[in-house]
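These are the residues of each chain, in order.
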Amino acid sequence: MGIAELTRNAVHVLPEGALEDKLEAGRPLRVKLGIDVTAPDITLGNGIPLQRMAAFQREGHVGVLIVGDYTTRIGDPSGRSASRPILSDAEIDRNAQRFVEQASTIIDPDRTEVRFNGEWLAKLDFAEILRLTRTTTVAQILERDDFAKRQRAREPISVSELLYPLMQAYDSVAVEADVELGGTDQLYNLLAGREVMQAYGLEPQVALTVEYLVSWDGEGMSASRGNYIGLKEAPEEQFGKAMRIPDELLPQWYRLVMESEDTLASDPLQAKLALARWVVTRAHGADAAQLAEAHFTRVVREGRAPEEVSEVELPPGDPVHLPAALAEWFGLSTSEARRLIAQGGVRVDGGLVGELDVPRTSLGGALIQAGKRRFVRVAST
RNA sequence: GCAGGGGUUCCCGAGUGGCCAAAGGGGGCGGGCUGUAAACCCGCUGGCUCAGCCUUCGGAGGUUCGAAUCCUCCCCCCUGCACCA
């Protein structure tokens, strides 16, 4: 146990020796992790630092989960950055609600404080904000790698974005964090938190960053990029997406996600199946994992229809104009549906479709397939 | 404020009067193959009951038989200068 487990998969634990000192004090440490509310899902990527939080909790420490509702509400006023859409209050609240539920697949909810940063940020008046801004300099903030890159690339940086690290740092002041967790991309923000805490007369937090989980597209997993597995996503989705990662990423996923020391089985398919099973099991339990795997085997590997297929109604008219019907059933545009048919991607009861207009009688009760894994059953007349 | 450079289809990015629904790449989708929703190969990728029609190139007008491409005004971004409590 002890420190090795707490810092598993860590990249930075700064400053050196500080964590040890805090642990020696013997009191429960407050371990902070902030999460954005821009997307409704917490991802397997967020799971990596959450797993560290869980490790601290097992040692008797307290997790402090910060929901960035206020930071999200403010958004990015440049209006240019699509990566930070401004959400409505209702959406933010709904997302925040789901967060705790999702995070609880990893952390111990009984040893977790959930705090919304609007709780303190909303109360700051201008004078206090100025006090906060005096703790740092523009040069320091621009040092941060992504700002530096955008400067070089001559991309816009709004002033409010420069304030983000300070807001996050202030969170640490508000909750009196002992340790702040984050991906390696967060290193700057975590260190900024130290300086600001010090300026506010608090003992600065320890910055603990963990490796960033790389997704199937080779990019860091993030909700805004869409390349993620949600911690509470449907079992079949989780399973399929896990099977989607390239073989080369398996060792990293084993280490970061499963925290497994296993040298991988020589058979990458088996290794990946085991990973997929593991992910679904943690989120939904072993039974769900088994069902998800059965679904995967049946639909993806064997190319058969799933056991459960949702039922749809036939549109009026005879013959039935298939592009319009498919568009309706599968949420496509009729043009997409046409292409799908033209490319041999549509089957009715297993038979390839060539015609755009099909007699009504041939569709009643039929199994319609669009592509490899989209199925629908037409209600029998 | 002044000067210069920019805003193109989901993203990046070509395109400077007709051959442009717009190159190329990414992503996505479909097909093939397979050990997987890996890898690889091929195709498709604005909409529409589709050999045709309709709507797109920051916005609004205009020139022209014809505009993403030319003109006018406006909005936004970048760089430099000026300003700098």
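Residues numbered from 1 in each chain as written. Chains lettered and ligands numbered in written order. Predicted model: local features only at pLDDT ≥ 70, side-chain atom pairs only at ≥ 80, totals over all residues. Heavy atoms only, no water.

*Asks:* Pulling in residues and values, what's your account of the nonpolar core?
*Replies:* Within the largest apolar cluster, 55 residues are counted, with the highest numbers of intra-cluster contacts made by L44, L50, V179 and W253. In terms of domain composition, this core takes at least three residues from each of domain 1 (3-210) and domain 2 (235-301). Other than its neighbours up to four places away in sequence, V179 contacts L19, L29, R30, V31, K32, F56, Q205, V206 and L208. A325, L326, F330 and A370 belong to the second-largest nonpolar core, a separate cluster that totals 22 residues. (Core = buried A, V, L, I, M, F, W, Y, C linked by side-chain atoms within 4.5 Å. Buried < 20%, exposed > 50% of the residue type's maximum accessible area, 1.4 Å probe, protein only. Domains from an automatic or database assignment. Contact = heavy atoms within 4.5 Å.)

*Asks:* Account for the sheet that holds strand β9 (residues 346-348), with residues named and values stated.
*Replies:* In spatial order, the strands read β7-β13-β12-β9-β10; together these five strands make up an open sheet with mixed pairing. Only two strands of the sheet have a single neighbouring strand rather than two, namely β7 (311-312) and β10 (351-352). Together, β7, β9, β12 (367-370) and β13 (374-378) form the strand contacts of helix α16 (residues 322-330), whose direction differs from that of β13 by roughly 110°. (Pairing = 2+ DSSP bridges. Helix = DSSP H or I, 4+ residues; strand = E, 2+ residues; numbered from the N terminus. Axes fitted to C-alpha atoms, helices over the stretch in contact; angles between N-to-C directions.)

*Asks:* Lay out the protein's contact with RNA strand B in plain terms, naming residues and giving numbers.
*Replies:* Contacts to RNA strand B come from 32 residues, most closely from M243, R244, V300, S335 and R339. Within 4 Å of the protein, the atoms of RNA strand B are drawn from sugar and phosphate moieties in a proportion of 66%. Between a phosphate oxygen of RNA strand B and a side-chain N or O atom of R244, the distance comes to 2.9 Å. Elements that contribute at least two residues to the surface near RNA strand B include exactly α12 (235-242), α14 (268-284), α15 (286-301) and α17 (334-342). Considering each element in turn, the surface near RNA strand B owes the most residues, six residues, to α17. Of the residues belonging to the surface near RNA strand B, the class tally is nine nonpolar, nine polar and 14 charged. (Near = heavy atom within 4 Å. Polar contact = N/O pair within 3.5 Å; in protein donor to acceptor, adjacent residues only side chain to side chain. Nonpolar A, V, L, I, M, F, W, Y, C, P; charged D, E, K, R; others polar.)

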